[in-house]
Protein chains: 2
Amino acid sequence: MATRDLILHLGQDLFRTRGFNAFSYYDLADALKVRPAAIHYHFPSKDDLARAIIEQERETFHAFAVKTDRLPDQRQRLRRFVHMFAEHAEAHRLCLLGASGADYASFGAGVHREIQRMATDILAWLERTLQEGRKAGRLAFEGTAHARALMVATNMAASLHLARILGTQEFKRVSQQLLSDLTARPTP
Amino acid sequence: MATRDLILHLGQDLFRTRGFNAFSYYDLADALKVRPAAIHYHFPSKDDLARAIIEQERETFHAFAVKTDRLPDQRQRLRRFVHMFAEHAEAHRLCLLGASGADYASFGAGVHREIQRMATDILAWLERTLQEGRKAGRLAFEGTAHARALMVATNMAASLHLARILGTQEFKRVSQQLLSDLTARPTP
DNA sequence: GTCTATAGTACGATAGAC
DNA sequence: GTCTATCGTACTATAGAC
């Protein structure tokens, strides 16, 4: 049963680093020392694999949210969120939002639904965190928390693309500016 | 000689809508009513095609910059920039920054250099526009114009991913918030 | 100079062995 | 229940016809 998890873990990494259409069942099988068809037993079609990868990521994010929400300071929660992306930037990985958004046309309706759920989960957490932070006077921003959540998510997602193209320092510039922008300053 | 341009135009569209690894020489040949090998005459390898697509986009952006820089108001220049992305959002296309960032690992060093040039071109234009706009008192933002250019570019790039996943209205929310954030308000 | 026929390989997926 | 042998297809690319 560990095989399934190994496939999922490796599949997610290849999805993020290469793109969904740039890795094959052979790549997975080769790394796991089995035949390609063994992967088909666990994930009959490639769409099944995609679906499971996104599903797993939703669970991972849920666990992150539960753990992070214990922090009393919303600024710190946001920093944790940014830190998650920083690790991807270093490893030249995309987030699954960026990766699956790029290969979106390759997937069927089932995978699309799963991706939509993932996107709304992440955006809802951001929106709530931003809203609470502003209410508590720790975060400051213009407009609705929903719009701001979209801004934060898109900053993070695409800065992983830029980190690949121009280097990790570009990710750092974005994340620093982002946290600085959102941090409430004592009005003089 | 029109064939080459047709290939480039169609190739760019497929690159953006499907991803570079999700379209083939056959797709191009089929649409152009020729054999796949005819494409190889114009672009021997797929990397040659990628390079030419990015090169063409750099020229397109240069033409956009020259034309747009004639506008005296930097806010209007930014609106034109955003409008460019809005058209892609409607057509479920990504920008080439997002598309090539996702498929980055598939390309050789030559294509990487071309993508880097494209990225720096776009960011340099944004930086200059933001800088000038702030100096003129029409735009307002915290931090360096360089950091802000990164924020704007990443907002635009990834909102095209989100537009695919959750719908075009998400792109509109991002672009409205972005322009609102940057527009200088008369200090009361 | 432009394109076609065709090779050689790698892909996702099925049918069936253990 | 787990995996292997194998099929049919689609890919990029080359060699050579017009």
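Bear in mind that the values here come from a model prediction, so they are computed numbers and not experimental data.

(A) Structural detail: the protein's contact with DNA strand C. In the region of DNA strand C, 16 residues are neighbours, and Tyr25(A), His40(A), Lys46(A), Ala37(B) and Tyr41(B) sit closest. Backbone atoms, meaning sugar plus phosphate, form 63% of the atoms of DNA strand C positioned within 4 Å of the protein. Tyr25(A) is positioned with one of its backbone polar atoms (N or O) 2.9 Å from a phosphate oxygen of DNA strand C. Lys46(A) has a polar backbone atom sitting 2.9 Å from a phosphate oxygen of DNA strand C. Listed by contribution, the elements that provide at least two residues to the surface near DNA strand C are α2 (25–32) and α3 (36–42) of chain A together with α3 (36–42) of chain B. No other element matches α3(B), which puts four residues into the surface near DNA strand C. Class assignment for the residues of the surface near DNA strand C results in nine nonpolar, five polar and two charged.

(B) Broad picture of the layout of surface pockets. Empty space within the largest pocket amounts to approximately 860 Å³. Around the largest pocket, the lining comprises 28 residues; the ones closest to its centre are Glu142(A), Asp181(A), Phe141(B), Glu142(B) and Asp181(B). Those elements that provide at least two residues to the lining of the largest pocket are α8 (145–166) and α9 (168–182) of chain A together with α8 (145–166) and α9 (168–182) of chain B. Grouping the constituent residues of the lining of the largest pocket by class yields 14 nonpolar, six polar and eight charged. By volume, the second largest pocket is sized at about 470 Å³. Contributing to the lining of the second largest pocket are 22 residues, with Gln12(A), Arg16(A), Glu57(A), Thr60(A) and His88(A) lying nearest its centre. Secondary structure elements with two or more residues in the lining of the second largest pocket: α1 (2–17), α4 (46–68), α5 (74–90), α6 (96–102), α7 (109–135) and α8 of chain A. For the lining of the second largest pocket, the residue count by class is 12 nonpolar, five polar and five charged.

(C) Representation of the relation of the copies chain A and chain B. Rotating chain A by 180° and moving it 0.0 Å along the rotation axis overlays it on chain B with an RMSD of 0.0 Å. Within this description, the copies of the chain are treated as partners about a two-fold rotation axis. By residue overlap, the copies meet face to face through one surface: 100% of the interface positions of chain A are interface positions in chain B.

What counts and how
Residues numbered from 1 in each chain as written. Chains lettered and ligands numbered in written order. Predicted model: local features only at pLDDT ≥ 70, side-chain atom pairs only at ≥ 80, totals over all residues. Heavy atoms only, no water. Near = heavy atom within 4 Å. Polar contact = N/O pair within 3.5 Å; in protein donor to acceptor, adjacent residues only side chain to side chain. Helix = DSSP H or I, 4+ residues; strand = E, 2+ residues; numbered from the N terminus. Nonpolar A, V, L, I, M, F, W, Y, C, P; charged D, E, K, R; others polar. 1 Å grid on protein atoms, 1.4 Å probe; cavity = no way out; pocket = protein on both sides within 12 Å on 5 of 7 lines; lining within 4 Å. Points joined across faces, edges and corners; volume = space filled by probe spheres on them. Least-squares fit on C-alpha atoms with pLDDT ≥ 70 in both. Contact = heavy atoms within 4.5 Å.

By themselves these figures say nothing about function.
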